[in-house]
Each structure stands twice: as C-alpha cells, then as structure tokens.
Amino acid sequence: MVDRRDCKYPDTQAYDAVIKSLNDNDVTVRDISKVVYNLQKKYIKIPSMEYVDKIVIDVLHKREVLNNALVGLEIDRLASEHKLDEPLQSIVEHDLGVFGVDETLALGIANIYGTIGITNYCGLDTNKQGIVKILDQRTDRVTTFIDDIVGSVAGAASAKIAHENS
C-alpha cells in the first residue's frame, strides 16, 4: 500500500511545472494578465500591468489551481503525443462538445473566487479573447484543456481584483 505521506510535493515544484507547461505552449503570465486587464478595465482603474501580473501569479500559486492545471495540461500533452488510449484520445484530440471534463477542471479554478470568477470564466469560454482565443484555434497541438485553464485563471484573477477593489 502506498503511504500518502510519501507523496508530498512543494508548491513551488507544482507552480514551476505549471509555468513551464504554459510556456511550452507559448503562454506567459503577461498573456493571461492582458485578458484580465481587458475584463476589468471597464469596472475599475487598474494601477499597472505589473499589478495584474502579481494577481495572476497569486492565483497560480493556489494549490487547487495548481492541481487542476497540472492534470489538464498533462492530458493535453499526452493527447498531443497520441499517448491516450481510445476512445479518450479521439475525444480529447477533437475537443468534443459533450466531453465537458475540461470545463469541469476550469470551473474548479474559477470557483475559488466565487460567482464572479465563474461568470468571468464562462464569458471567456463563450466569447474567447486574447490568448484564450489563440489557444482555442491552434491546430499544431491539442489544446482542449489549456484554453479552459488559462481562461479560468484569468476569470479567477479578475474576480480577485474585483474583490480587492470593491
């Protein structure tokens, strides 16, 4: 039997893994921050993009975010390498609309900051913009999960800004 105490990982290791995977998919914190800025600029005066970057980094350090992101990013990687068994390979590779697991992981991230996070994410999932739209339209690799993960992080960061400025 496996002892769960042997399965500890430092949050920095998970954060570094998520950032590396995002970067490997041509996504930076600043790309996510631009989406956040566009979501919030009509509601509040945002001090700087560095402020938004800090909020995005704060969100990305939450364990729930890291866990969900690690799972989704790994599934995309495996699907891009055609390493999933059928029928899961085809389902993920073609981002079938009735699959919904990608949105379920994303909602877990967006929900960290409540209804505002969910509303922001759902709006981005419907009306894709910025890096979320670019990821959704990529054809050189599987992006079934990453567009939702990035959109949900942006939604959560937008909600965190709203909470801090209300």
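Residue indices follow the written sequence of each chain, beginning from 1 at its first position. For a predicted model such as this one, the threshold for reporting local features is a pLDDT of at least 70, and the threshold for listing and counting side-chain atom pairs is 80 or more; totals across whole chains, interfaces and linings nevertheless cover every residue. To get the side-chain values, all heavy atoms of the structure are used, and hydrogens and water are removed first.

Trainee: What is the right way to read the environment of Ile-44 from this model?
Mentor: Here a helix means four or more residues in a row that DSSP labels H or I, a strand means two or more in a row labelled E, and each is numbered from the N terminus. Residue position: Ile-44 is located in the loop between helix H2 (29–40) and helix H3 (49–60). Burial classes follow relative accessibility: with a 1.4 Å probe on protein chains only, a residue under 20% of its type's maximum area counts as buried, one over 50% as exposed, and anything between as partly exposed. Overall, the relative accessible area of 19% leaves Ile-44 in the buried class. In sequence terms Ile-44 and Ala-162 are 118 residues apart; their C-alpha atoms lie 8.1 Å from each other. Whether two residues are in contact is decided by their heavy atoms: any pair within 4.5 Å suffices. Every residue in contact with Ile-44, bar those within four places of it in the chain, is listed here: Ile-161 and Asn-165.

Trainee: Please explain the packing of aromatic side chains as it appears in this structure.
Mentor: Given two aromatic rings, one states the distance between the centres and the angle between the planes to describe the pair. Stacked, edge-to-face and tilted labels apply to pairs of Phe, Tyr and Trp rings (six-membered ring for Trp) whose centres lie within 6.5 Å, assigned for plane angles under 30 degrees, over 60, and everything in between, in that order. Under the definition given, this model contains 1 aromatic pair. Taking 6.1 Å as the distance between ring centres and 90 degrees as the angle between the ring planes, the aromatic pair formed by Phe-99 and Phe-145 counts as edge-to-face. Placement of the pair is Phe-99 in the loop between helix H5 (88–93) and helix H6 (101–110) and Phe-145 in the loop between helix H8 (130–137) and helix H9 (146–164), with a sequence separation of 46 residues. Here Phe-99 matches Phe-145 in class, with each residue buried.

Trainee: Just to check I follow, could you spell out the nonpolar core for this structure?
Mentor: Grouped burial of nonpolar side chains is what soluble globular proteins tend to show. Think of a nonpolar core as a cluster: buried Ala, Val, Leu, Ile, Met, Phe, Trp, Tyr and Cys residues, connected wherever their side-chain atoms sit within 4.5 Å. Core analysis: the biggest nonpolar cluster contains 45 residues, and Leu-22, Ile-32, Val-56, Leu-60, Val-150 and Val-153 have the highest contact counts within it. Among the elements of the structure, helix H1 (11–24), H2, H3, helix H4 (63–80), H6, H8 and H9 are those that each provide at least two residues to this core. The greatest single-element share of this core, amounting to 9 residues, is contributed by H9. Filtering out sequence-adjacent residues up to four positions away, Leu-22 remains in contact with Val-27, Ile-32, Leu-73, Ile-146 and Val-150.

Trainee: Would you mind showing me how to read the packing of H2 against H3 here?
Mentor: Each pair of packed helices gets described by two things: the angle between the helix axes and the distance between those axes. Note on definitions: angles span 0 to 180 degrees between N-to-C directions of axes, and those axes are lines fitted to C-alpha atoms, for helices only across the stretch in contact. Where H2 contacts H3, the axes come no closer than 9 Å and their chain directions differ by 110 degrees. Comparing their axes, H3 and H2 come out roughly perpendicular. Within the contact between the two elements, H2 uses Val-29, Arg-30, Ile-32, Ser-33, Lys-34, Val-36 and Tyr-37 and H3 uses Met-49, Glu-50, Val-52, Asp-53, Val-56, Ile-57 and Leu-60. We call Asp, Glu, Lys and Arg charged. Ala, Val, Leu, Ile, Met, Phe, Trp, Tyr, Cys and Pro are nonpolar, and the rest, Gly among them, are polar. Here the residues of the contact of H2 with H3 sort into 9 nonpolar, 1 polar and 4 charged. The scheme is simple: roughly parallel for angles under 35 degrees, roughly antiparallel for over 145, roughly perpendicular for 65 to 115, oblique for anything else.

Trainee: Help me understand the packing of H4 against H6 in this model?
Mentor: Two elements in contact, H4 and H6, have axes separated by 9 Å at closest approach and are oriented at 160 degrees. Relative to H6, the element H4 is oriented roughly antiparallel. Of the two elements, H4 crosses H6, and the hand of that crossing is left-handed. In contact with Val-65, Asn-68, Ala-69, Val-71 and Gly-72 of H4, H6 contributes Leu-105, Gly-108 and Ile-109. Across the contact of H4 with H6, the residue classes tally to 5 nonpolar, 3 polar and no charged. A crossing counts as left-handed when the near helix is turned anticlockwise from the far one by less than a right angle, and as right-handed when that turn is clockwise.

Trainee: Before we go on, may I ask you to explain unusual backbone geometry in this structure?
Mentor: Outside of glycine, negative phi angles account for most residues, and trans bonds account for most peptide bonds. Here Glu-86 and Pro-87 are connected by a cis peptide whose omega angle stands at 10 degrees. In this structure, Pro-87 sits in the loop between H4 and H5. Phi at His-82 takes a positive value of approximately 55 degrees, unusual for a residue other than glycine. Turning to its location among the elements, His-82 is positioned in the loop between H4 and H5.

Trainee: Got a minute to help me understand the environment of Thr-143 in this structure?
Mentor: Assignment of secondary structure puts Thr-143 in the loop between H8 and H9. Owing to a relative accessible area of 8%, Thr-143 belongs among the buried residues under this scheme. For the pair Thr-143 and Asp-102, spaced 41 residues apart in the sequence, the C-alpha separation amounts to 10.0 Å. Those residues in contact with Thr-143 that lie beyond four places of it in its chain are Asp-76, Leu-135, Asp-136 and Arg-138. Here a polar contact is recorded for every N or O atom pair within 3.5 Å, except that within protein the pair must consist of a potential hydrogen donor and a potential acceptor, and residues adjacent in sequence are included only if both atoms are side-chain atoms. From its side chain, Thr-143 meets the backbone oxygen of Leu-135 in a polar contact 2.7 Å long.

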